[in-house]
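Summary of structural features
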Amino acid sequence: MSSVHLIPRVIERDIKILFSDTFLIGIMFANFCIDLFVTAATFGNLIGSSYFLRIAPGSNLITAMVAAFQSGRDIWREKYIKDLASYLLTLPIPRKVFALSRITGGVARSVIATFPGTLVISYLYGILFSPRLVEAFVIVAVFSLGIVGLSIAVSAFASTIEVFATVRSAIQLYLSFLSTIFYDVSLFPVIVQPIVQTNPMTWAMQAFRALQSQGSTLYPISVLVGPSLAFALLGAVCYLWYTRL
Amino acid sequence: MSSSTIQVTDSSDLSGQSTSRLVLQMARRDIATLFRTPWIIISRSLAFIIQLFVFAYLISGLVVKFPGFFPYYAVGSVVSVVASISFIIGYDIFEEAEEGLLDYLLTLPIPRREFIIGRALGGAVRAMIYTIPMFAIVAVLENFSNPLSLIAAILDLFLLAFGVTGLSITVAVSVRSANRFDVVLALLELAVSRASTALYPLAFMPSYVAALAPFSPVTFAADSTRAALSGSSLDILGLAGLLAFVAIFLGLGATFYFRRLEGGVYA
């Protein structure tokens, strides 16, 4: 069996892990609903109705971020709690292919976990029954690619779950509050603006907003690909480093 | 996280130890546990600072329909942090059960009742110790200087912490899967904070949230704390709600925990 044929097996395993607890997927959707229909709706009332639509995709991308970090957490648990790392290394698949498959599996899990959320946002943006729906899923997938890479990199170095959770929180704070989810980049102090402009969340939000305004998503997605690929590569390198034992 | 131990007392000395002393001994252990894990303190402090000085500062410039949103949010963010930190005791208890440390704790010469009350008290006190610096930042920023108001506000926060600790213990001893427990607790934390008046006023919530928010314990604490700090009046309804919340969840948490400790049998 060639190693390429083994990639779907690894991805399938990761997806099965996600579905081993369907309750978790339900809870992630509940999180999304609270973010969108409680927090975003209230800020919409406080600021203006267009603001609700402006920040709505943020709820879905935050869910994608949580789902992507769940992949890293599972890898951490395999290493420290379940002691599965040695067994996984005995599988007849080259390590580089294995690492890339785990990242792809993480992206697939994230897209699945945010599937209902992406449909809700697409409905709000009036693209639910349009071919542009595919673009919405592409945005979520490209964004998730980077976050899965980051979460795997963190899982490789975090020796305790507290360290993992702390780094995860710090990354989530950076992605949520130092991006354009809630406010325009021009509102930030000049010194912080480069941080906001290089934030993958900023470009994922821009891409979603382009869907709403019937504009082209090509530019924001092509910018988003840069950090996402870089983070995915970092995740792969860290995973390979950690499997070196 | 739960690697700490408490000094074992000879059972012959137990009769000499008062109930309150044993409760305090258990509480002291939980307080020490939190401060031995600085990661949690670092991450929650960072979250508070970014939420207050980045999010609240920038968003208050956009909120034109509610003047004074920043001071409103600042007090509410402290209330949210108290709730958030109080939930951590659940993680500790869950982890102790998973790692087998609970079995060791049960061998200690401490009656079950003191053990449980001590855990809840420890969870609440450490949440307060942790939140006081943040409360001080907000008090300085907003010029809250009346000592009576400050004491009343701290009492509100403590009652919230005590009740949330009970809620967290209830969840910790009811959910079996580790992954599921993490997400349930995170969802519960999100729900009680977001569907409350801690971070935004009731008048601006969608009707379906506004119908539920007045019954959230975080709403009781947020409204009562704001009333105390503004020196307007004593929020009797908020205080009564908080006391009821503490009584219900402390009782529920103790019952569930007790049942778990005794293998499903009430002693």
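Concerning the overall build of chain B
Regarding its fold elements, chain B presents twelve helices and zero strands. Counting across all 267 residues of chain B, residues that qualify as buried make up 47%. Excluding contacts between residues fewer than 6 apart, the proportion of contacts in chain B whose partners are at least 24 apart in sequence is 79%.

A look at the overall build of chain A
On a plain count of helices and strands, chain A comes out with eleven helices and zero strands. Listed by position from the N terminus, the elements making up chain A come as α-α-α-α-α-α-α-α-α-α-α. By the compact-globule yardstick of 18 Å for 245 residues, chain A fits well, its C-alpha radius of gyration being 18 Å. Overall, chain A is about 55 × 40 × 35 Å in size when its C-alpha atoms are taken along their principal axes. Burial statistics for chain A: of 245 residues in total, 48% are counted as buried. Partitioning the contacts of chain A with sequence separation of at least 6, the portion at a separation of at least 24 is 76%.

A word on helix H7 (residues 133–157) of chain A
Counted at 1.5 Å a residue, the expected span for H7(A) with its 25 residues is 36 Å, and the 37 Å between its end C-alpha atoms agrees. For H7(A), a buried count of 19 out of 25 residues is recorded, marking the element as mostly surrounded by other parts of the structure.

A word on the environment of Arg132(A)
Residues and elements named next belong to chain A. Tracing the chain through its elements places Arg-132 in the loop between helix H6 (115–124) and H7. Its 16 C-beta neighbours within 10 Å are what place Arg-132 among the partly exposed residues. Excluding anything up to four places from it in sequence, Arg-132 contacts Ile-127 and Leu-211.

Here we look at the interface of chain B and chain A
Contact with chain B, which involves 33 residues of that partner, is made by 26 residues of chain A. Of the residues forming the side of chain B that touches chain A, the biggest block, eleven residues, is contributed by helix H3 (residues 38–60) of chain B. By residue class, the composition of the side of chain B that touches chain A is 25 nonpolar, five polar and three charged.

So, the nonpolar core
Generally speaking, soluble globular proteins have nonpolar side chains that are buried together. Ala204(A), Val79(B), Val82(B) and Leu160(B) are the most contacted members of the largest nonpolar core, which has 153 residues in total. Among the elements that line this core, the one with the most residues is helix H8 (residues 147–174) of chain B, at 14 residues.

Side note on the packing of H7(A) against helix H10 (residues 200–212) of chain A
Describing two packed helices takes the angle between their axes plus the distance from one axis to the other. Residue and element names in this part refer to chain A. Across the interface, H7 lies against H10 with an axial gap of 10 Å and an inter-helix angle of 180°. By the angle class used here, H7 and H10 are roughly antiparallel. Contacts between H7 and H10 involve Glu-135, Ala-136, Ile-139, Phe-143 and Gly-146 on the former and, on the latter, Pro-200, Ala-204, Ala-207, Phe-208 and Leu-211. Along the lines of polarity and charge, the residues of the contact of H7 with H10 split into eight nonpolar, one polar and one charged.

Focus on unusual backbone geometry
In this structure, Gln214(A) is a non-glycine residue whose phi angle is positive, near 60°. Structurally, the position occupied by Gln214(A) is in the loop between H10 and helix H11 (218–243). A tally of 11 C-beta atoms within 10 Å means that Gln214(A) is categorised as exposed. Positive phi is not limited to glycine here, since Asn143(B) has a value of about 65°. Mapping Asn143(B) onto the fold places it in the loop between helix H7 (112–142) and H8.

What about the environment of Ala236(A)?
Summarising the element assignment, Ala236(A) is placed in helix H11. If near-sequence neighbours (up to four positions away) are discounted, Ala236(A) is found in contact with Ala99(A), Leu100(A) and Ile103(A).

Overview of the environment of Ile195(A)
Residues and elements named next belong to chain A. As for its position among the elements, Ile-195 is in helix H9 (residues 193–197). Ile-195 gets classed as partly exposed once you count the C-beta atoms within 10 Å, which come to 14. On a C-alpha basis, the gap between Ile-195 and Val-185 in space is 9.8 Å, while along the polypeptide they are ten residues apart.

Topic: H8(B)
Between the first and last C-alpha of H8(B) there are 41 Å, a value that for 28 residues agrees with the 40 Å anticipated at 1.5 Å per step. Among the 28 residues that make up H8(B), 20 are buried, leaving the element largely enclosed by the rest of the structure.

Details of the confidence of the model for chain A
For chain A, per-residue confidence averages 90 on the pLDDT scale, and 98% of positions sit at 70 or higher. Ranking the elements of chain A by mean pLDDT puts helix H4 (residues 85–89) of chain A last, at 77, and H6(A) first, at 96.

So, the packing of H7(A) against H11(A)
All names here are of chain A. Two elements in contact, H7 and H11, have axes whose closest approach is 7 Å; the angle formed by their N-to-C orientations is 30°. Here H11 runs roughly parallel to H7, going by the angle between their axes. Seen from above, H7 lies across H11 with left-handed handedness. Looking at the contact of H7 with H11 residue by residue, the classes come out as 23 nonpolar, four polar and no charged.

Comments concerning the confidence of the model for chain B
All names here are of chain B. For chain B, the average pLDDT comes to 82, and 90% of its residues sit at 70 or higher. For chain B, per-element mean pLDDT is lowest for helix H1 (residues 11–14), which scores 48, and highest for helix H10 (residues 207–210), which scores 94. Confidence over residues 1–12 falls short of pLDDT 50; this stretch has 23 contacts with residues more than four positions distant or in other chains. The ipTM, which scores confidence in the relative placement of chains, is 0.84 for this predicted complex, and the corresponding pTM is 0.83.

Cut-offs and rules
- Residues numbered from 1 in each chain as written.
- Chains lettered and ligands numbered in written order.
- Predicted model: local features only at pLDDT ≥ 70, side-chain atom pairs only at ≥ 80, totals over all residues.
- Helix = DSSP H or I, 4+ residues; strand = E, 2+ residues; numbered from the N terminus.
- Buried ≥ 20, exposed ≤ 12 C-beta atoms within 10 Å, placed from the backbone.
- Contact = placed C-beta atoms within 7 Å.
- Rg over C-alpha atoms; globule rule 2.2 N^0.38 Å.
- Expected span 1.5 Å × (residues − 1).
- Nonpolar A, V, L, I, M, F, W, Y, C, P; charged D, E, K, R; others polar.
- Core = buried A, V, L, I, M, F, W, Y, C linked by C-beta atoms within 7 Å.
- Axes fitted to C-alpha atoms, helices over the stretch in contact; angles between N-to-C directions.
- Parallel < 35°, antiparallel > 145°, perpendicular 65-115°, else oblique.
- pLDDT = per-residue confidence, 0-100.
- Left-handed = near helix turned anticlockwise from the far one by under 90°.

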